Amino acid sequence: MGTPPGYSVPWASWALRLCGRVSARDTAADAAVAVAAVAAGGIEGAPDALARGAIAARLLAQHADDARAYRWLLGLADMAEASWRENPVIEIDGSGAMAAPAAGAREAVALWTAPALVAGDDLAPARRFGEAVAEPIWLLDGLVRLWIDPIAPDLAAPTLTPLFALWLRGAGLAPPLLRALSGERVSRVRRGEIHSLLATRPYRAALAARMQETLASAREVVATSPRTSPSARGLAEAQREFLEALGERLRFFEGLMSFRDLLGPGAALRPPRAQGEPAPPDEARADLQAAVAFLLDAAPWRESWEVQRFGVLGSSEQPVGHWFVRATILRALLEIGEVGRDVRADAAALLEEIPAGELRYFTAFRDVPPDADLLGVVLELVAETGAAKERAESWIEVMLANVGEDGIVPTWFYRGPAGPTTPGVAWAGDDCAAVRLNLLVGLLSFDAERFARLIDANARRVLDAASEGGIEGACFYDASYTDLAFLRFARLYRGRAGDARWADEVAAVEAATLSRMLRSQRLDGGFGAPLCTAACLEGAAMTERPDPLLLERGMRYLGERQLVDGSWPAEPLYRVPMKRGREGHHQGRALTTALCARGLAAARSRLRRGGERRT
């Protein structure tokens, strides 16, 4: 919030010149400091608005009646302070425009009412003028930052300036601008793309029309305000000069932008892409190929294995967990499709590696019991490959030994057909909603009819945990992962669960989940970090009619966060015990890359398919 570093409006200098027209030098100096204090909201380390207002009021109270000074301060407190939201969520309405807030007017009103205050004049005309010129001031400030200021980070950091907000409110202007602003903005290539787009005639015309409209309103305020005192007439003359200066600056930038437009065609202004029309060039395809190449070269992905060199909760053993990691990556590669390698054979080999009845996260380490999370992903691989079906029955028997009378499957399997599965202590998170969803996906994939009772009971449990804010009770995974897990479950439940007893409720939660996810896209095209963005893209690919612009922006963001070797940096995925009794999250570069690549592949495939929803 607040103005970003770099060029800033010279409020103090302006206030000193204006107040100098109607008051003595020492009064003008105090008034200038007061205005600067009010306008200092964007300065790092500045006091809060209340403290700054108190400083301004004390300074002005020396030169004006106390009651008037504090009424002035209270009047400013009712007005919005200018703010620049860094990488905000962007929502586009049905017309293709963004509902962007107007620029704050507190600073401009403080500038023009301060001289009227110290001169003893009526504040109302000055307030109206300040409100009228606030927007053109901030629009010109945005132009300076965009075209002239060499250190302004408005492009490098995804900041929503009033200038960008103006263009994003235009139905025909928002989609191309959002496309250009997605991803990184630091490179000369991207800055050139953005500048080329914003210099085109439609953007210049929208800016000029809005500036002319606001300046005309300000001139009307000057013409209709009563001016009975010499100081009021002096301020009216200053207002007219100020408006002329604003118009002159606008004409300068119009010329600069027109000249920039002549230098080359730049980024073409085109309407949103139709359903099914792929994005040329297909950068996502190259990104996906690089990610797959990284994963194939890195197999069996030891970097992403969980190695507990300090033991688990003080154990003397140093277990290694890798079955879940490998199964998750293989499942992602299978969903991506043609990758130039027989991934089914790799998945079958992994399934043959796991002993009968001993499906444990840490392989042979018995202090941690078998769990539903690993069973879910393994059942998906069995269903996909047809391998290890007999062995899978032994893992299923362990699960069935832990099912309650109500049909609920816990996270941890403490019992097996032959007795306890672990001598260890009980583990937290025995009712994790995300794990339950992963298991449901596995059961639906493996044999939906056979496990209809379990699917019914555990689906009901998940639905009972659904709220307006998401699926509650996810102990081991974050909200974006849990949302995607529900969508993956809902997709299978819709097609494979027989009569689908809870179909209507599942559809309602699915719609609410998708709506919540898709409303969270930010100015830079992402939905958060790359892992969260990949989850939201995969979810978007499941909608009836996904917005092509949303997919394009998300794919561009995800692609430009990819490293040159094809991977994405490791991100926390699920909770694990850390050394010396602490808790944390497991992460791995290959694990993150597999999930990012899966989301990218789903979005790219859907963008190319158009309206056909994957079932």
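Just above sits the structure.
Residues numbered from 1 in each chain as written. Predicted model: local features only at pLDDT ≥ 70, side-chain atom pairs only at ≥ 80, totals over all residues. Heavy atoms only, no water.

A. Structural view of the overall build of the protein chain. Each helix and strand in the protein chain was counted, giving 23 helices and ten strands. Judged by the C-alpha coordinates and their principal axes, the protein chain covers about 100 × 55 × 45 Å. The buried share of the protein chain, taken over its 615 residues, is 56%. Nonlocal contacts in the protein chain, meaning residues at least 24 apart in sequence, comprise 73% of its contacts between residues at least 6 apart. Carbon and sulfur atoms make up 53% of the accessible area of the protein chain, which totals about 26200 Å². Side-chain charges of the protein chain comprise 71 positive and 78 negative groups, with the mean position of each set lying 4 Å from the other. (Helix = DSSP H or I, 4+ residues; strand = E, 2+ residues; numbered from the N terminus. Buried < 20%, exposed > 50% of the residue type's maximum accessible area, 1.4 Å probe, protein only. Contact = heavy atoms within 4.5 Å. Areas by Shrake-Rupley, 256 points an atom, 1.4 Å probe, with all protein chains shown as cover. Lys, Arg positive; Asp, Glu negative; His and termini not counted. Charge placed at Lys NZ, Arg CZ, Asp CG, Glu CD.)

B. Highlighting the side chain of Asp30. With respect to the helices and strands, Asp30 occurs in helix H2 (residues 25-38). Looking at Asp30, its side chain comes within polar contact range of the side chain of His63, at 2.6 Å. (Polar contact = N/O pair within 3.5 Å; in protein donor to acceptor, adjacent residues only side chain to side chain.)

C. Layout of the pairing of strand S9 (residues 572-577). As judged from the five bridges shared by S9 and strand S10 (residues 583-587), these two strands associate in the antiparallel manner. Bridged to Val576 within S10 is Gly584. (Pairing = 2+ DSSP bridges.)

D. Representation of the environment of Gly610 within the structure. Relative to the assigned elements, Gly610 resides in the segment after helix H23 (589-609). Residue classification places Gly610 among the buried positions, given a relative accessible area of 2%.

E. Structural context of unusual backbone geometry. Cis geometry marks the peptide bond from Ala299 to Pro300; its omega dihedral reads 5°. Inspection of the secondary structure assignment puts Pro300 in the loop between helix H12 (283-298) and strand S3 (306-307). Within the chain, Ala388 stands out as a residue other than glycine whose phi angle is a positive 55°. With respect to the secondary-structure elements, Ala388 resides in the loop between helix H15 (372-385) and helix H16 (389-400).

F. A look at H23. Here H23 contains 21 residues, and its C-alpha end-to-end distance of 30 Å stays within 8% of the 30 Å for a straight helix at 1.5 Å per residue. With 17 of its 21 residues buried, H23 lies for the most part within the structure. With its phi angle positive at about 80°, Gly610 sits one or two positions after the end of H23. (Expected span 1.5 Å × (residues − 1).)

G. Region of the structure containing empty space enclosed by the protein. Per the counting criterion, the structure on display carries two cavities of 30 Å³ or more. If you add up the space inside the largest cavity, you get close to 70 Å³. Residue lining of the largest cavity: Arg331, Glu380, Asn438, Val441, Tyr481, Leu484, Ala485, Arg488 and Arg598, and that is the complete set. Residue assignment for the lining of the largest cavity shows that the elements contributing at least two residues are helix H17 (433-447) and helix H19 (479-496). When residues of the lining of the largest cavity are assigned to their parent elements, the largest contribution, four residues, is made by H19. When grouped by side-chain class, the residues that make up the lining of the largest cavity number four nonpolar, one polar and four charged. Of the pockets and cavities examined, the second largest cavity occupies roughly 40 Å³. Residue composition of the lining of the second largest cavity, by class: six nonpolar, no polar and one charged. (1 Å grid on protein atoms, 1.4 Å probe; cavity = no way out; pocket = protein on both sides within 12 Å on 5 of 7 lines; lining within 4 Å. Points joined across faces, edges and corners; volume = space filled by probe spheres on them. Nonpolar A, V, L, I, M, F, W, Y, C, P; charged D, E, K, R; others polar.)

H. Quick look at the pattern of salt bridges. Within this structure, the stated rule accounts for 39 salt bridges. Here Glu358 and Arg366 are joined by a salt bridge, their closest N and O atoms 3.2 Å apart. Judged by relative accessible area, Glu358 falls into the partly exposed class, the value being 24%. As a salt-bridge pair, Glu538 and Arg488 come within 2.6 Å of each other at their nearest N and O atoms. One end of the pair, Glu538, is in helix H21 (residues 530-540); the other, Arg488, is in helix H19, and 50 residues separate them in sequence. Taking the relative accessible area as the measure of exposure, Glu538 reaches 3% and is therefore buried. Here the residues in one salt-bridge network are Arg331, Glu335, Glu380, Arg488, Glu538 and Arg598, joined through shared partners. (Salt bridge = Lys/Arg side-chain N within 4 Å of Asp/Glu carboxyl O.)

I. The packing of helix H1 (residues 11-20) against H2, seen in detail. Where H1 contacts H2, the two axes come as close as 8 Å, and the packing angle between them is 145°. Considering the relative orientation of H1 and H2, their crossing is right-handed. Residues Trp11, Ala12, Ala15, Leu16, Cys19 and Gly20 of H1 form the contact with H2, whose participating residues are Ala28, Ala29, Ala31, Ala32, Val35 and Ala36. (Axes fitted to C-alpha atoms, helices over the stretch in contact; angles between N-to-C directions. Left-handed = near helix turned anticlockwise from the far one by under 90°.)

J. Molecular detail of helix H18 (residues 452-464). Compared with an ideal rise of 1.5 Å per residue, which puts 13 residues at 18 Å, H18 spans 18 Å between its outermost C-alpha atoms and is within 8% of the ideal. Every buried residue belonging to H18 is among Leu454, Ile455, Asp456, Ala457, Asn458, Ala459, Val462 and Leu463, and all of these are buried. Along its buried surface, H18 packs onto H16, H17, strand S7 (466-467), strand S8 (470-471), H19 and helix H20 (503-518).

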